[in-house]
Amino acid sequence: LGGIPALTFTDHADAPAFSIMRKIDVTKECLDFKTTLLDMQQLLTENPKLDYFPVVRPLDDGEAVLTASMTRQNVDRLTRILDPMGLGPETPVDLMDPELQRPSDGGQPFVEGCPPHVCPSTTVKEVYLIMRVAHGENVIYVTRDGCLLGDITFSTLMSHKL
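Residues numbered from 1 in each chain as written. Predicted model: local features only at pLDDT ≥ 70, side-chain atom pairs only at ≥ 80, totals over all residues. Heavy atoms only, no water.

Caption draft 1: Looking closely at the pattern of salt bridges. In the structure shown here, the tally under the stated rule is three salt bridges. The partner of Arg-22 in a salt bridge is Glu-29, and the shortest N-O contact between them spans 2.5 Å. On the basis of relative accessible area, Glu-29 is assigned to the buried category, the value being 12%. Across the pair Arg-80 and Asp-76 runs a salt bridge whose closest N-O atoms are separated by 3.1 Å. Here the residue Arg-80 and the residue Asp-76 both occupy positions in helix H3 (residues 72-82), the gap between them amounting to four residues, near one helical turn. Asp-76 sits in the partly exposed class, given a relative accessible area of 27%. Look at the salt bridges and you will find they share partners, linking Arg-22, Glu-29 and Asp-151 into a network. (Salt bridge = Lys/Arg side-chain N within 4 Å of Asp/Glu carboxyl O. Buried < 20%, exposed > 50% of the residue type's maximum accessible area, 1.4 Å probe, protein only. Helix = DSSP H or I, 4+ residues; strand = E, 2+ residues; numbered from the N terminus.)

Pasting the structure below:
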C-alpha cells in the first residue's frame with residue numbers, strides 16, 4: 001500500500017517526519033545567507049538532482065539555522081540576472097535582502113523567506129496535510145530548534161516504502 005491511503009490509513013501515517021526525511025549536508029547542499037555568485041553556481045553544478053536549496057545561517061558547531069529557501073530555477077535565474085556575462089563570480093549576494101524576497105516591482109521573488117518546516121516528531125500524516133492543504137508546497141524542511149536537519153519532498157512522501 002502506498003500513496004495517499006498509506007498516509008492516512010496505516011501505521012505509516014503516525015511515523016515521525018524524522019523517519020522519512022532526507023538528511024541534508026548543510027555544508028554541501030545549502031546556500032549561506034551571505035554568499036557569492038560563484039558559490040551559487042557551484043551548488044547547482046555539484047547537486048544536479050536537487051530542485052530546492054535551503055538558505056542557512058551557519059553556526060560554529062557545524063549546524064545551520066534555516067532562514068529561507070530557493071528553487072534551482074531561481075538560483076540560476078538570479079545568477080544570470082546579477083552577472084549576465086559571467087565576469088564577476090566573486091560578487092557578494094545577501095540572500096536576506098528584502099528585494100529578493102519581495103521585489104518592489106511586484107515581480108516573482110527569488111527567495112522564499114520563512115519556508116515551511118516541521119519538527120522531527122511531526123507525523124507523516126501532518127506533513128502531508130501541511131503540503132497539500134496549508135501550503136501547496138513541494139518541500140517541507142525538518143528542523144530542531146531552528147536548525148536544519150533534512151527535507152521531505154512531495155514525491156518522496158508519496159513514494160516512501162512502507
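Caption draft 2: The packing of aromatic side chains, seen in detail. Applying the stated criterion across every chain yields a total of one aromatic pair. Geometrically, the ring pair formed by Tyr-128 and Phe-154 is stacked, given 6.4 Å between the ring centres and 25° between the ring planes. Taken together, the residues span a long stretch of sequence, with Tyr-128 in helix H5 (residues 124-135) and Phe-154 in helix H6 (residues 154-159) at a distance of 26 residues. A relative accessible area of 13% places Tyr-128 in the buried class. On the accessibility criterion, Phe-154 (22% relative accessible area) is partly exposed. Just above the ring of Phe-33 sits the side chain of Arg-57; from NZ or CZ to the centre is 3.9 Å. (Phe/Tyr/Trp six-rings, centres within 6.5 Å; stacked < 30°, edge-to-face > 60°. Lys NZ or Arg CZ within 6 Å of the ring centre and 35° of its normal.)

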